[in-house]
Amino acid sequence: MKIAVEGCMHGDLDNVYKTLQYIERQRNIKVDLLLCCGDFQAGFGNERDLESLNVPRKYRAMNSFWKYFSGEQVAPVPTIFIGGNHEASNYLWELYYGGWAAPNIYFLGFAGVVKFGNIRIGGLSGIYNARHYRLGHYERPPYNENTIRSVYHVREYDVHKLMQVEERIDIFLSHDWPLGITDCGNSKKLIQQKPFFEKEIFQKTLGNKAAAQLLEELKPTYWFSAHLHCQFAASVQHGVDGPVTNFLALDKCLPGRKFLQIVDIESESGPHEILYDEEWLAITRKFHSVFPLTTKSADFGSVQLDMQDCRQWVRSRLQERGARPFEFERTVPCHNPSQPSSNGSPALPRNPQTESLLQLLELPYLLDVTSESRDPISSPASMIYQGSLGADNEEIPIDDIDELEELEEDNVKTEDEYVQNLDSGVGSHVHLSISCQCMVTPRTIYLLTSPNLLNAALNDDKNQFPLLLRMSCFQQLSSVIISVQNSPESFMETRVFNLNPLVCLVVFLAHVVASSAQLSFGFYAASCPTAEFIVRNTVRSASSSDATIPGKLLRLLFHDCFVEGCDASVLIRGNGTEQSDPANTSLGGFSVIDSAKRVLELFCPGTVSCADIIALAARDAVELTGGPAVQIPTGRKDGRVSAASNVRPNTVDTTFTIDEMIRLFSSKGLSLIDLVTLSGAHTIGAAHCSAFRDRFRADSKGKLLLVDSSLDMTYAEELMTQCPAGASPSITVNNDPDTSLSFDNQYYRNLLLQKGLFQSDSVLIKDNRTREQVENFANDQDSFFASWVQSFLKLSAVEVKTGSAGEVRQSCSVTNR
């Protein structure tokens with residue numbers, strides 16, 4: 001049986017299913033089941049659901065689940081999910097015991113076990129919070145600002161029920177990770193990827209205590225989690241000769257991220273379907289009498305039923321009725337995007353599936369019993385807290401706000417902020433100065449980017465903690481390695497090392513690049529220290545709901561910088577502006593820049609230029625899709641001139657010859673290598689049919705014929721199928737037919753296979769001046785990434801305006817009055 005596992009869904013069902021179908025075609029396999037580890041965001045898509053979703057209001061969006069709820073689309077593979085900390089909690093509460101959230105999409109419940117074929121799958125929804133763990137489920141919709149943040153916190157009652165499971169669990173799902181799981185995997189690599197986890201890993205506070213207890217008790221063969229937005233694998237040996245649990249955490253659905261894994265599990269032959277689990281229904285029946293619906297915890301000592309009797313009773317009921325879950329039924333009208341949402345549905349609708357299940361088990365329906373009616377004197381605020389519930393400090397250190405990437409995990413300073421605070425004594429840092437000395441104040445090593453790109457590699461072995469500080473200029477020059485072999489405690493000393501003169505030269509040259517353009521690294525460190533974080537988060541959020549955003553943002557930078565320099569002149573709207581030229585009418589990504597600007601104006605009014613936002617957004621778009629991280633200087637000012645007449649003379653046309661492109665790139669201070677490297681931007685993004693129509697002509701019958709012999713015939717036929725004669729102007733084709741959502745070197749491989757979409761792509765392999773570089777990048781992605789960092793820095797600094805030569809616009813679409 002082939003089972004696909006996905007990390008955080010965040011409502012992006014369309015792209016997950018498309019990715020799954022793509023893998024099936026590529027590998028010629030059939031996936032039997034999809035599991036999702038939380039943040040599924042299942043809701044009907046009406047206002048009542050959005051109000052029950054704990055994310056900042058500006059991030060509340062319909063996403064794609066409503067299509068599956070309405071039946072407009074059907075999940076192509078059976079799907080089972082658990083809840084996370086970003087869910088439409090009102091809907092999941094209706095399905096507390098589990099049930100179909102949509103046709104072919106099954107919610108496992110706040111805790112639950114089901115069977116799929118002969119595979120037993122268990123799960124625990126929510127995340128751990130010590131202050132709420134022993135309380136009952138007192139929250140009811142409509143939720144207030146406090147209960148909306150506690151309703152998804154794991155409760156002892158649900159964990160206790162899972163602890164009663166005796167039969168073997170094959171797969172278990174939890175949203176957050178079991179506490180201590182990092183000790184069983186490559187924590188060094190994890191810290192490299194997420195350095196802000198280091199403190200919690202060393203203090204053994206990263207993770208879910210209840211999940212750790214379940215891991216030890218249930219010992220499942222596989223355990224999958226999400227929540228922390230990264231991939232991490234571990235292996236847990238239960239005793240000397242005991243079973244092994246294979247643990248895997250996955251990322252959220254974003255281009256270039258590791259959010260999907262397919263595992264092959266031995267099973268009986270199909271067909272397979274989701275079925276109720278006899279043991280779990282017996283446990284549910286046994287403990288229903290102590291279901292805690294106030295702040296008081298469950299009284300497990302009062303449970304009297306014998307488990308064997310419960311199982312026998314449940315078995316007889318399932319034999320009479322069958323083990324298939326009750327059919328999906330809608331409890332509210334379907335969302336209609338063309339009409340305003342209706343709020344006329346009851347606050348606590350009874351889901352027919354839940355009612356039917358409780359009737360099967362002969363149990364009373366309790367989900368709409370309010371805490372007041374059960375326990376009039378119970379007040380959550382008065383019983384538990386002195387102060388505001390809103391100041392919710394999770395015992396696990398990772399906060400609930402995934403859309404802000406956990407506030408960069410407890411407000412750990414970004415690299416640019418470290419540059420500005422070298423002498424503050426706050427945190428650990430490495431400072432590389434022009435005098436070629438490296439000051440190390442670890443435990444955690446942060447390599448600063450002032451003024452060049454530095455990468456940190458933290459390694460250790462069983463007994464020592466050597467720190468390998470790899471210092472490179474744009475990932476090309478030889479690394480200089482400093483090893484400090486000692487105990488962690490001794491890292492609190494400050495150590496000074498003399499570095500290789502080559503590195504000093506690198507630093508100096510990078511400094512010259514920044515200063516010559518009057519830009520600087522960490523330009524906003526004092527005036528708007530969260531500027532880069534806000535831009536990055538805006539790009540990340542937009543890309544999670546629209547996978548085409550990264551390509552649009554990268555193209556926007558090109559069209560801005562080549563006309564009037566990198567000054568955001570392309571953002572100005574109006575007749576006769578750059579946007580009005582036909583070459584720019586297909587540009588996109590403007591809304592992302594506008595969104596970032598609005599947030600920045602709230603926090604740092606009149607400070608961050610639109611030109612810097614474009615450059616940072618394009619930089620982040622590349623990294624989000626799997627490309628290299630680039631530290632760029634900032635301080636650009638916005639231009640005051642935007643003229644359509646300047647566009648055509650300064651824009652690369654897709655029909656250009658190599659000489660025409662060389663002349664244009666040279667006029668911008670960009671070399672032949674920059675030309676080949678920056679053309680690699682076509683590894684992501686899409687183009688309209690008109691952009692490559694010159695490679696075909698229509699015959700007398702209106703059928704397209706290939707006229708460009710440099711294009712592979714099979715690929716040409718695919719293009720003619722996607723863009724037939726008379727095709728709608730809105731139709732687009734991926735620049736890269738193979739990995740259009742990933743920033744990689746596939747573009748260059750395509751060129752060698754004569755699959756360059758544009759004529760201006762194909763000329764790169766026909767000319768001896770550029771072919772060798774294309775072949776190099778096709779064979780060595782690291783070489784391409786290293787060259788990209790250099791070329792991107794040069795592109796984003798083309799004819800920048802600084803000082804009085806420009807302004808900081810209040811709105812990116814108009815100049816200041």
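Labelled according to an unreviewed UniProt entry, the chain appears under the name peroxidase, originating from Rhodamnia argentea. UniProt, in the comment section headed Subcellular location (unreviewed entry), describes the chain in these words: "Nucleus". In its Catalytic activity (unreviewed entry) section, the UniProt record describing the chain reads: "2 a phenolic donor + H2O2 = 2 a phenolic radical donor + 2 H2O".

K.L.:
Explain the state of the cysteines here, please?
P.N.:
As used in these notes, a disulfide is a covalent bond between sulfur atoms, one from each of two cysteines. As enumerated under the stated definition, the model contains 4 disulfides in all. Across the disulfide, Cys-528 is cross-linked to Cys-604 (sulfur-sulfur distance 2.1 Å). Across the disulfide from Cys-528 to Cys-604, rotation about the S-S bond amounts to roughly 70 degrees, and the bridge is consequently right-handed. A residue pair is termed long-range when its members are at least 10 positions apart, and Cys-528 in the loop between α17 (501-516) and α18 (531-545) and Cys-604 in the loop between α20 (590-603) and α21 (610-624) qualify at 76 residues. Note on Cys-528: relative accessible area 1%, which makes it buried. Take Cys-604: its relative accessible area is 7%, and that puts it in the buried class. The partner cysteine of Cys-689 in its disulfide is Cys-723, sulfur to sulfur 1.9 Å. Its S-S torsion of about -70 degrees marks the bond between Cys-689 and Cys-723 as left-handed, since a negative value means left-handed. Of this pair, Cys-689 sits in the loop between β19 (686-688) and β20 (696-698) while Cys-723 sits in the loop between α24 (713-722) and β22 (732-734), and the two are 34 residues apart along the sequence.

K.L.:
Hey, could you run me through the sheet that holds strand β5 (residues 105-107) in this one?
P.N.:
The strands that make up a sheet are held in pairs by hydrogen bonds between backbone atoms, and each pair lies either parallel or antiparallel. Read across the open sheet, the 6 strands follow the order β4-β5-β3-β2-β1-β12; overall the sheet is mixed. Both outer strands of the open sheet, β4 (99-102) and β12 (260-264), are each paired with one neighbouring strand and no more. The sheet shows a mean angle of 30 degrees between the axes of neighbouring strands, taken without regard to direction. Contacting β1 (2-6), β2 (33-36), β3 (79-81), β5 and β12, helix α1 (residues 13-27) crosses the sheet at an angle of about 45 degrees to β12.

K.L.:
How do you make sense of the pairing of strand β11 (residues 244-249) when you look at a structure like this?
P.N.:
Along any regular strand the residues' side chains alternate between the sheet's two faces. Here strand β9 (residues 222-225) pairs with β11 via 4 bridges, running parallel. Of the residues in β11, the one forming a bridge with Tyr-222 is Asn-246. Pairing of strand β10 (residues 232-237) with β11 involves 6 bridges; the strand directions are antiparallel. From the neighbouring strand, Ser-235 faces β11, where its bridge partner is Asn-246. Where β10 hands over to β11, the hairpin turn is made up of 6 residues, of which Gly-239 adopts a positive phi near 80 degrees.

K.L.:
So what exactly am I meant to see when it comes to the sheet that holds strand β6 (residues 111-116) here?
P.N.:
Reading across from one edge, β10-β11-β9-β8-β7-β6-β13 is the order of the 7 strands in this open sheet, with mixed pairing throughout. In this open sheet, the two edge strands, each paired with only one partner strand, are β10 and β13 (274-276). Strand-to-strand, the axes of this sheet are offset by a mean angle of 25 degrees, without reference to chain direction. Helix α9 (residues 209-218) rests against β7 (119-124), β8 (171-174), β9, β10 and β11 of the sheet, and its axis sits at about 165 degrees to β9.

K.L.:
I'm lost on the environment of Gly-180 in this one. Help?
P.N.:
Inspection of the secondary structure assignment puts Gly-180 in the loop between β8 and α7 (187-193). Relative accessible area serves as the criterion here: at 27%, Gly-180 is assigned to the partly exposed category. Sequence-wise, Gly-180 and Thr-205 are 25 residues apart; in three dimensions their C-alpha atoms are separated by 7.7 Å.

K.L.:
Just checking my understanding: could you explain helix α6 (residues 156-163) for this structure?
P.N.:
Taken together, the buried positions of α6 are Tyr-157, Asp-158, Val-159, Lys-161 and Leu-162. At its buried positions, α6 is contacted by β6, β7, α5 (130-133), β8, α9 and α10 (278-287).

Calculation notes
- Residues numbered from 1 in each chain as written.
- Predicted model: local features only at pLDDT ≥ 70, side-chain atom pairs only at ≥ 80, totals over all residues.
- Heavy atoms only, no water.
- UniProt positions renumbered as here; feature names shortened; annotations may be inferred.
- Disulfide = S-S within 2.5 Å.
- Helix = DSSP H or I, 4+ residues; strand = E, 2+ residues; numbered from the N terminus.
- Buried < 20%, exposed > 50% of the residue type's maximum accessible area, 1.4 Å probe, protein only.
- Pairing = 2+ DSSP bridges.
- Axes fitted to C-alpha atoms, helices over the stretch in contact; angles between N-to-C directions.
- Contact = heavy atoms within 4.5 Å.

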